Amino acid sequence: MPATGYTAVEYGGVSVLVGPRRGAYPYGNSLLVHGTSASLVVDPSLSLVEAAPPADLVLVSHAHEDHIAGLGSYDVPVHIHRGDLDALRSRAALVAGYGLPPGDVEEVDRTMRDQFHVHGRAAKAFDDGTVFDLGGRTVTVVHLPGHTEGHSGFLVEPDGFLFIADIDLTSFGPYYGDVGSDLPDYEASMRRCRDIDARWYGTSHQKGVIEGPAEFRHRLDVFAAVVQKREAALLDFLSEPRTVEEIVEHRLVYRPHVEGPHVRPVERRTAVQHLDRLESLGRVEQVEQGRFRAR
């Protein structure tokens, strides 16, 4: 990971600390928010390991390694939604949330430790609607579950800046492949974001900051449509009976060249969530034990 540092871009009283490669994974975009009495950082990424701006507290949108890699730079209170509290406090709990095959757990745990500096961190829990008053500027928690159980955004006022973290508007589309992920929750979270009028909408990765509700809603609709494209691809594949493992091999999420211990577990959990929904809608049937076909 040779790239280091960040570029600070100002949006009212919010500084977006843009990571290398526009915050593409394994990097990310962090926030620095100043008030008259306190300041906070949101999601200290790898970029903040060596050059962390001072702050009085840290907010974490969710417990994934690219959002907490720079936590070791801060000896201040850390806050996260209670749904992700255990994963922040324990690296073992974080790794367990990826649902990896047993043989891959040790290697991934080592990567979390050595490349992302994840060691487990004491933290306090916040809930939807919790307000952090910095003096003349507030940061309000907007719970946006689905990506993880505790995934949250933050609305900064009076600037009108909504940080939506990993509802990141990239062409990859929504990610709901962890053990604690939930597709219906993710879709509800996107609808909630769509209903919030803000001046700026900030994401954790390449898309950066979008200005204005109209442009944001357009990009959010394109992002959300990836879910329907996956569902359509699955229905097409189920023109003849298929097992879950065949769907995993076919892939709904990752392109064929992508490899890693996470790929098959993510594909499996994604496939199962879509199958469950399509069965409940009567669009897929289980023709025999473990084999599914479109109706």
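Residues numbered from 1 in each chain as written. Predicted model: local features only at pLDDT ≥ 70, side-chain atom pairs only at ≥ 80, totals over all residues. Heavy atoms only, no water.

Engineer: Could you give me a rundown of the overall build of the protein, with the residues and numbers involved?
Structural biologist: Assigned secondary structure in the protein consists of nine helices and 15 strands. In terms of overall size, the protein behaves like a compact globule, its C-alpha atoms giving a radius of gyration of 19 Å where 295 residues would be expected to give roughly 19 Å. When its C-alpha atoms are laid out on the principal axes, the protein stretches across 65 × 45 × 30 Å. Counting every position in the protein, which comprises 295 residues, the buried fraction comes to 53%. For the protein, restricting intrachain contacts to residue pairs at least 6 apart in sequence, the fraction spanning at least 24 positions comes to 56%. (Helix = DSSP H or I, 4+ residues; strand = E, 2+ residues; numbered from the N terminus. Rg over C-alpha atoms; globule rule 2.2 N^0.38 Å. Buried < 20%, exposed > 50% of the residue type's maximum accessible area, 1.4 Å probe, protein only. Contact = heavy atoms within 4.5 Å.)

Engineer: Quick rundown of the sheet that holds strand β11 (residues 161-163)? Include the residues and the values.
Structural biologist: A sheet is described by the order of its strands in space; here six strands give the open sequence β8-β9-β10-β11-β12-β13, paired in mixed fashion. Of all the strands in the sheet, the pair left with one neighbour each is β8 (131-133) and β13 (209-211). Mean inter-strand twist for the sheet, computed between neighbouring axes without regard to direction, equals 20°. Here strand β9 (residues 138-143) runs beside strand β10 (residues 152-157); their pairing, made up of six bridges, is antiparallel. (Pairing = 2+ DSSP bridges. Axes fitted to C-alpha atoms, helices over the stretch in contact; angles between N-to-C directions.)

Engineer: Any chance you could break down the packing of helix α6 (residues 183-194) against helix α7 (residues 213-237) for me, citing the residues and the numbers?
Structural biologist: It is the contact of α6 with α7, at a shortest axis distance of 10 Å, that shows an interaxial angle of 165°. Comparing their axes, α7 and α6 come out roughly antiparallel. Between α6 and α7 lies a crossing of left-handed hand. Counted together, Leu 183, Tyr 186, Glu 187, Met 190, Cys 193 and Arg 194 of α6 and Phe 216, Arg 217, Leu 220, Asp 221, Phe 223, Ala 224, Val 227 and Gln 228 of α7 form the full contact between these two elements. Tallied by class, the residues present in the contact of α6 with α7 amount to nine nonpolar, one polar and four charged. (Parallel < 35°, antiparallel > 145°, perpendicular 65-115°, else oblique. Left-handed = near helix turned anticlockwise from the far one by under 90°. Nonpolar A, V, L, I, M, F, W, Y, C, P; charged D, E, K, R; others polar.)

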